[in-house]
Amino acid sequence: MRKGGEGKEGQNSGKGNKTGNGNGKGNDHCNGQQGNKKKKPALVTLNPLKAAVIVGLLSDALIVDSLLVDRSQQVQIVLTGSLRRKTPLDKMLDEIGDQSFDDVLQALLRRA
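These figures come from a predicted structure and were not determined experimentally. Per chain, residues are indexed from 1 in the order of the written sequence. It should be noted that, the model being predicted, local features are given only for residues of pLDDT at least 70 and side-chain atom pairs only at 80 or more, the latter also being counted only at that level, while totals for whole chains, interfaces and linings use all residues. Calculated side-chain values reflect all of the structure's heavy atoms, with hydrogen atoms and water omitted.

J.: Tell me about the pattern of salt bridges, and please be specific about residues and values.
T.: Between Lys or Arg on one side and Asp or Glu on the other, a salt bridge is scored when a side-chain nitrogen of the former is within 4 Å of a carboxyl oxygen of the latter. Scanning all chains against the criterion turns up two salt bridges. The closest approach of N and O atoms between R84 and D90, which form a salt bridge, is 3.2 Å. K86 serves as the salt-bridge partner of D94, at 2.6 Å between the closest nitrogen and oxygen.

J.: Any details on a nonpolar patch on the surface? Residues and values, ideally.
T.: Taken together, L49, V53, L57, V64, L67, V69, V75 and I77 make up a surface patch of nonpolar side chains, about 730 Å² in accessible area. Secondary structure elements are defined from DSSP: runs of H or I of at least 4 residues count as helices, runs of E of at least 2 residues count as strands, and each element is numbered from the N terminus. Looking at the nonpolar patch, the elements that each hand over two or more residues are α2 (48-58), β1 (62-69) and β2 (75-81). Summarising the element assignment, L49 is placed in helix α2. When its relative accessible area of 64% is taken as the criterion, L49 is described as exposed. Like-charged residues within 9 Å of one another, or nonpolar side chains (Val, Leu, Ile, Met, Phe, Trp, Tyr) within 5 Å, are grouped into patches, provided each residue has over 30% relative accessible area and no salt bridge. To measure how exposed things are, a 1.4 Å probe is used in the Shrake-Rupley method; for residues, cover is taken only from the protein chains shown. When accessible area is computed with a 1.4 Å probe and restricted to protein chains, residues below 20% of their type maximum are described as buried, those above 50% as exposed, and intermediate ones as partly exposed.

J.: I'd like to hear about the layout of surface pockets, residue by residue, with values.
T.: The calculated volume of the largest pocket comes to roughly 220 Å³. A pocket, in this scheme, is an open set of points on a 1 Å grid over the protein atoms alone with protein on both sides within 12 Å along at least 5 of 7 lines, while a cavity is a set where a 1.4 Å probe fits but cannot get out; residues line either one if an atom lies within 4 Å of a point. As for the largest pocket, its lining consists of S59, D60, A61, S82, L83, R84, R85 and K86. Three residue categories are used. Nonpolar comprises Ala, Val, Leu, Ile, Met, Phe, Trp, Tyr, Cys and Pro, charged comprises Asp, Glu, Lys and Arg, and polar comprises the others, including Gly. Of the residues that constitute the lining of the largest pocket, the class distribution is two nonpolar, two polar and four charged. Grid points are joined across faces, edges and corners, and a volume is the space filled by probe spheres set on the points.

J.: Go over unusual backbone geometry with me, naming the residues and quoting the values.
T.: Positive phi outside glycine occurs at D60, with the angle close to 65 degrees. Relative accessible area serves as the criterion here: at 62%, D60 is assigned to the exposed category.

J.: Report on the environment of S100, specifying residues and quantitative values.
T.: Assignment of secondary structure puts S100 in the loop between α3 (88-96) and α4 (101-111). Residue S100 is classed as partly exposed on the basis of its relative accessible area of 35%. Within 3.5 Å is the distance limit for a polar contact, defined as a pair of N or O atoms, with the added protein rule that one can donate a hydrogen and the other accept it, and that residues adjacent in sequence qualify only through two side-chain atoms. At a separation of 3.1 Å, a polar atom in the side chain of S100 contacts the side chain of D103.

J.: Talk me through the pairing of β1; I want residue IDs and the actual numbers.
T.: When DSSP locates at least two bridges between a pair of strands, those strands are taken to pair. Both β1 and β2 contribute to a ladder of seven bridges, which runs antiparallel. Within the sheet, the bridge partner assigned to V64 lies in β2 and is L79. The hairpin formed by β1 and β2 contains five residues between the paired strands, and Q73 there has a positive phi angle of roughly 65 degrees.

J.: Can you break down the confidence of the model for the chain residue by residue, with the values?
T.: Predicted coordinates in regions of low pLDDT should not be interpreted in detail. The pLDDT value expresses, per residue, how confident the predictor is, ranging between 0 and 100. Of all residues in the chain, 67% attain a pLDDT of 70 or more, and the chain-wide mean is 76. In the predicted structure, residues 5-13 sits below a pLDDT of 50 and forms two contacts with residues beyond four places in sequence or in another chain. It only takes one pair of heavy atoms within 4.5 Å for two residues to be counted as in contact.

Next comes the structure, spelled out in structure tokens:
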């Protein structure tokens, strides 16, 4: 099934030999170099959405609610948070949230 003029010699035609010592000019392995150059690390592009998520996580405005991994190894991270700032009353209610209702009611009655 060979066409005329093509044989084993025709399959390897081109500049260079099997050891990679060709006369090409480029970044490939044409000059016999085996890729000793270190690649520069890719810079992370930070858009406003990514920056907002990072700031939200670092400032505890966003909390990781769940982490989902499906069969095809796709990851989904569910974040929850609020844009509303907590008032002093909200902070106080967070502190007494662990107390029983009876203890809180008794403290309020003693104060009055």
